[in-house]
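# Structural overview for review
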Amino acid sequence: MAKQFMLMEPKNENFNELIGGSSKYLVPRFQRDYAWDVEQWEDLWNDLTNTDANEGFHYMGYIVLQAKEQYQYEVIDGQQRLVTLSLIVLAAMKAIQNMIEKGEDEADNKERLAEITKKFVGDKNFVSLKVVSKLELNRNNNRYFQKICSSLEAPNSRGITSTNKLLRKCFDFFSRKHFGDNGAEIAQFIVDFSSSMVFTKIIVQDDLNAYKVFETLNARGVQLSTPDLLKNYLFSIVTKDENFDEEELDELDERWSEIIIQLGESNVADFVRYHHNSQRKMVTKKELFSSMRKAVTKPEEAYAYLTELIEYAPIYASLINPSDSWWGEQPQEYKEAIHSLSGIRLFNIKQPLAILLPAFKRFSPDEFVKAVKYIYVLSIRYNVICHLSPSEQESVYNQIAIKVSNGEYSRASHIKNSEEFKRLYPDDNNFFNAFEFHRMPSRQTAKKIRFLLAEIENYLGFHCDYNKTTLEHICPYNPGEQWVNYFGDGINDVKDRLGNMLLMDKDNLKRADFNAKKAAYAQSPYLLASKVTEYNDWNLESVNEQQRWIAEQAVKTWQVL
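Notes on the structure follow.

Conventions adopted
- Residues numbered from 1 in each chain as written.
- Predicted model: local features only at pLDDT ≥ 70, side-chain atom pairs only at ≥ 80, totals over all residues.
- Heavy atoms only, no water.
- Pairing = 2+ DSSP bridges.
- Helix = DSSP H or I, 4+ residues; strand = E, 2+ residues; numbered from the N terminus.
- Expected span 1.5 Å × (residues − 1).
- Buried < 20%, exposed > 50% of the residue type's maximum accessible area, 1.4 Å probe, protein only.
- Core = buried A, V, L, I, M, F, W, Y, C linked by side-chain atoms within 4.5 Å.
- Contact = heavy atoms within 4.5 Å.
- Phe/Tyr/Trp six-rings, centres within 6.5 Å; stacked < 30°, edge-to-face > 60°.
- Salt bridge = Lys/Arg side-chain N within 4 Å of Asp/Glu carboxyl O.
- Patch = residues over 30% accessible without salt bridge, like charges linked within 9 Å, V, L, I, M, F, W, Y side chains within 5 Å.
- Areas by Shrake-Rupley, 256 points an atom, 1.4 Å probe, with all protein chains shown as cover.
- Lys, Arg positive; Asp, Glu negative; His and termini not counted.
- Charge placed at Lys NZ, Arg CZ, Asp CG, Glu CD.

As summarised here, the arrangement of the 6 strands in space is β1-β8-β3-β4-β2-β7, forming an open sheet in which the pairing is mixed. Every other strand in the sheet has two partners, leaving β1 (11-14) and β7 (135-136) as the edge strands with one partner each. Summarising the sheet, strand β3 (residues 58-69) and strand β4 (residues 72-77) pair through 5 bridges and their orientation is antiparallel. Bridged to E69 within β4 is Q72.

Following this line, the structure appears as structure tokens:
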């Protein structure tokens, strides 16, 4: 890893060093638009004005650049921060320009403005007198940004796009700040400010190394925009074909933005991977980008890949969010799958997505619903109760998904009866043994326990909504002396046992004794509560017997027939 990062040249640089030298920074043509709003501007200004309390500097995080030519870099991550800091400099320059127009220290302020422009903004074209900026933005923002650089004005022209409105509002926001009482003070502000904003600069030589940086830093909790990197690569391939006109590219760009909105940025990389694993040999997160680069090398391949991602994104968004309004737009038959999907989602089990994505596209509605139910049952047995290997499961699901994608499996029964599914499916004996003494930390997973117990209640014949129930501990979670006498040293072994829990409508019993609880359970419609009334005492033997009985019901509740 150290060698990898040596190649990527990590180095701390302040904004003065970064933008004040001879380098030029290009935001890739199809990278996302400027998107910061007043909340981020206020936070940045507060950080800026409080830098003295932070030893004179404020850390701005990582900036990832890709070398293109000598002194020329593409901004892979960091555009929002670079643009905003540049707009602060431009706003301070406007304050000096206003002083010049008022005739205040005119000669010196003109000289200051010329030097600041050269250092932080760019050189003026001696013919047009327009500034050739050191920072070029994407195709939607660049022209408007360059107007601000050249005129120190942010025009509110008719038809201005929403992203350029943000540039204008940002410039206006900082233009209202006080930078100093005269040109010298404002110039000193720019010097101090630009020296106090510190980045960790990483330069990569190609997009594969850029992706490795993103994955490594994201794994360490530093959130860089991996979706931007994926998009930049795909669009860079598409635009090599001159037959794709601007209108087609604009539509692709807009629809990619819809993916980000639908999924949320943090889910995009997962979506691309599960989509990949539904059709091709399985890759891990670390292998995704290199595998995609091998699969997508030609413009027509990149275009087809992008359009397919766009087509599958709403399906993925709805699979990971069964309450999504999208389900209301689907045929009635699909709604039968929502309960099973909700169970898979509740336990945050993502491996099935590789199968469910192509199954939704290729199976009839009733076959899709059956497939979801089979996978849901397997998920409860395999993941929730038996805690078996998720990596092995993902590998086997990849094999099933490819067969669904290529049409080899066209019905839910093909999945259920496959050798792959049978290899994963814990048999009744193994499931019973795992369930019999299963514990779940009830303070952290109460909702999940309520779901499991409600499923058993529903199987037994009492239909209830787990969201409208309360989790009742028969031996209280914080037991009094009378309960300690029942269990002795074993008191701490039962609080998180499923056999010591049941569902009630309300939590009225607290730390009541067992006889008082039995009387309440006898009046309850819940069948697990009714079963507990059969015990004379509540002790470790009773808990074991109750959980053994629950395990027998669980085998029948979650069963693929």
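Once the structure has been displayed, the description carries forward.
Looking now at helix α22 (residues 446-460). Given 3.6 residues to a turn, an α-helix orients residues that are three or four positions apart in the same direction. Between the first and last C-alpha of α22 there are 21 Å, a value that for 15 residues agrees with the 21 Å anticipated at 1.5 Å per step. Turning to α22, its buried residues number three or more, namely I449, R450, F451, L452, L453, A454, E455, I456 and E457. Positive phi shows up at G461, right after α22, with a value of about 120°.

Further remarks concern the nonpolar core. By size, the foremost hydrophobic cluster in this structure holds 127 residues, and its most contacted members are F368, F435, W538 and W558. For this core, the leading source of residues is helix α17 (residues 365-385), giving 13 residues. Among all residues touching F435, those that are not within four sequence positions of it are I385, I456, L498, Q547, I550, A551, A554 and W558. Within the second largest apolar cluster, 58 residues are counted, among which are L90, M99, V121 and V131.

Take the packing of aromatic side chains next. All told, the structure shown has 29 aromatic pairs when counted by the stated rule. Between the aromatic rings of F173 and F174, the centroid separation amounts to 4.9 Å while the plane-to-plane angle is 90°, which identifies the pairing as edge-to-face. The exposure class assigned to F173 is buried, which follows from its relative accessible area of 10%. We classify F174 as buried; its relative accessible area is 0%.

Here the focus is the pattern of salt bridges. If you walk through the whole model with that rule in mind, you get 27 salt bridges. Across the pair R32 and D228 runs a salt bridge, and its minimum N-O distance is 3.1 Å. One end of the pair, R32, is in the loop between β2 (24-26) and α3 (38-49); the other, D228, is in helix α10 (residues 226-238), and 196 residues separate them in sequence. Exposure remark for R32: the relative accessible area of 28% places this residue in the partly exposed category. D428 serves as the salt-bridge partner of R381, at 2.9 Å between the closest nitrogen and oxygen. Taken together, the residues R381 in helix α17 and D428 in helix α21 (residues 428-436) connect sequence positions 47 residues apart.

So, about a negative patch on the surface. Residues D245, E247, E251, E254 and E258 make up a contiguous surface patch of negative charge. Secondary-structure assignment places E258 in helix α11 (residues 246-263). The class for E258 is partly exposed, based on a relative accessible area of 42%.

Within helix α16 (residues 353-362), 8 of the 10 residues are buried, which leaves it mostly tucked inside the rest of the structure. Turning to α16, its buried residues are L353, A354, I355, L356, L357, P358, A359 and F360. Check the buried side of α16 and you find it contacts α12 (265-277), α14 (299-319), α15 (338-346), α17, α18 (390-405) and α19 (412-416).

Among the secondary structure elements, Q72 is positioned in strand β4. Q72 has contacts with K24, L26, Q66 and A67, leaving out every residue within four places of it along the chain.

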